[in-house]
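One-letter residues, chain by chain:
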Amino acid sequence: MKRKIFAIISSAVCLVSMCLLFLPVDFSYIYMAEILISAFFIPLLIVNRAMTKKKMALCMTILQTASLLGFVVFVVNSYSYFLFGWKLNLILYFVPQAFLLCVSLKVFGFGKRFVWLLFGLIMASIPIKSIFFSQFYFFRRQHKETLVDIRDYSFKDNYKVLGLDRLKRNNVAELSSENIDIIFDVLKGSDWISEHYPYIDFDVKSLDRRQIERAIKYDFSLIDYYNLEEVDVYKLRIPFKRQNVYVYIPFGKFVLFEEGLRDYRKYTSHSPKRLSSYCYSDLLIPFYDIEWYKTNMKN
């Protein structure tokens with residue numbers, strides 16, 4: 001009777017946790033999952049070890065405790081939720097849960113073959129869900145102290161959260177022919193490439209407008225990121241002698257003060273379209289390079 005009561009409790013807690021994973025609660029889920037570890041799973045695994053005396057139960061207890069310690073380390077070090085470490089920790093977190101669920105099913109008379117098949121299906125589905133189908137709705141706005149829910153915006157259906165700062169927008173329009181001309185003129189007629197990639201002996205005379213037009217692809221979007229109010233960032237990769245020149249080109253609404261306008265006009269004679277005082281809607285010049293991306297967009 002005690003085994004059946006334990007099995008019912010274990011199964012209920014495991015099923016609740018697994019169901020939570022498939023709800024769009026992203027950040028909140030991670031915290032709820034770790035509370036479940038502390039309050040339920042580790043005690044349940046200890047009880048299971050005491051009842052069965054099996055080494056496997058001891059291994060699962062150690063693994064669940066390690067998952068909890070990993071959670072604590074990530075929180076203390078402000079490790080980004082969007083990086084692979086969180087997802088790996090989440091996968092490891094589910095191994096003891098799946099083990100408890102399968103042990104519970106054996107108590108109710110399910111065969112060993114069925115139990116192992118179920119364990120395999122669970123452990124196959126959890127990584128696929130965690131790695132490829134993560135749902136995140138909270139992103140960072142620079143003037144806000146707390147994270148912001150993208151669903152609170154009227155344009156919520158057009159954006160998907162990729163990282164703490166990066167968003168993805170559906171159906172982004174391609175840059176116009178005029179925009180391509182401006183980008184080509186900036187790269188060919190200014191020192192932007194030599195300034196941002198001094199270690200590459202790049203000959204700007206080799207630039208081809210058609211090649212640039214074909215190579216420019218939409219990469220991600222930003223909202224309220226420093227002076228970028230709402231922009232789509234396009235990525236241009238220019239291969240050169242086994243190296244690449246990466247150009248990140250924001251297009252949309254941004255704020256420029258006098259110094260920013262002076263920098264803008266240093267690279268082009270084109271004037272950005274002014275919407276109001278210090279607010280413009282156009283290509284942001286100068287563009288960004290790969291170091292900017294690695295430093296600021298790593299989350």
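This text follows the structure it describes.
A short tour of the structure in this document, coming up. Along each chain, numbering runs from 1 in the same order as the chain's sequence is written. For this predicted model, a pLDDT threshold of at least 70 governs which residues receive local features, and a threshold of 80 or more governs which side-chain atom pairs are given and counted, while totals over whole chains, interfaces and linings are taken from all residues. As a rule here, side-chain values come from all non-hydrogen atoms in the structure, and water together with hydrogens is ignored.

This brings us to the nonpolar core. Among the nonpolar cores identified, the biggest contains 46 residues, and Ile183, Leu187, Ile216, Leu222, Ile249 and Phe287 are the most heavily contacted of them. In terms of residues, this core owes the most to one element, strand E6 (residues 228-240), which gives seven residues. Contacts were defined at the residue level, with two residues in contact if any of their heavy atoms lie within 4.5 Å. Those residues in contact with Ile216 that lie beyond four places of it in its chain are Leu175, Ile180, Ile183, Tyr234, Lys235, Leu236 and Ile249. Core analysis: the second largest hydrophobic core is formed by 20 residues, Phe41, Tyr93, Phe99 and Ile122 among them. We call a set of buried residues a nonpolar core when its members are Ala, Val, Leu, Ile, Met, Phe, Trp, Tyr or Cys and they connect through side-chain atoms within 4.5 Å of each other. Residue exposure (1.4 Å probe, protein chains only): buried if accessible area is under 20% of the type maximum, exposed if over 50%, otherwise partly exposed. A run of H or I in DSSP becomes a helix once it reaches four residues, and a run of E becomes a strand once it reaches two; helices and strands are each numbered from the N terminus.

Buriedness for pockets is judged along seven lines, at least five of which must meet protein on both sides within 12 Å for an open set on the 1 Å grid over protein atoms alone, while cavities are sets there where a 1.4 Å probe fits but cannot get out, and lining residues have an atom within 4 Å of a point. Grid points are joined across faces, edges and corners, and a volume is the space filled by probe spheres set on the points. A volume near 380 Å³ is recorded for the largest pocket. For the largest pocket, the lining is made up of 16 residues, of which Lys54, Phe99, Val103, Lys106 and Trp116 are closest to its centre. Within the residue set of the lining of the largest pocket, elements represented by two or more residues are helix H2 (26-52), helix H3 (55-76), helix H4 (84-107) and helix H5 (112-132). At five residues, H4 tops the list of elements feeding residues into the lining of the largest pocket. Under the scheme applied here, ten amino acids are nonpolar (Ala, Val, Leu, Ile, Met, Phe, Trp, Tyr, Cys and Pro), four are charged (Asp, Glu, Lys and Arg), and all others, including Gly, are polar. Per-class residue counts for the lining of the largest pocket are ten nonpolar, two polar and four charged.

One side-chain nitrogen of Lys or Arg within 4 Å of one carboxyl oxygen of Asp or Glu is enough to make a salt bridge. With the rule as written, the count across this model stands at six salt bridges. A salt bridge links Arg209 to Asp181; its shortest N-O distance comes to 2.5 Å. Residue Arg209 is found in helix H8 (residues 209-215), and its partner Asp181 is found in helix H6 (residues 177-189); the two are separated by 28 residues along the sequence. Taking the relative accessible area as the measure of exposure, Asp181 reaches 33% and is therefore partly exposed. Of the charged contacts in the structure, one is a salt bridge between Glu213 and Arg209, with a shortest N-O distance of 3.0 Å. In this pair, Glu213 and Arg209 both sit in helix H8, four residues apart, roughly one turn of the helix.

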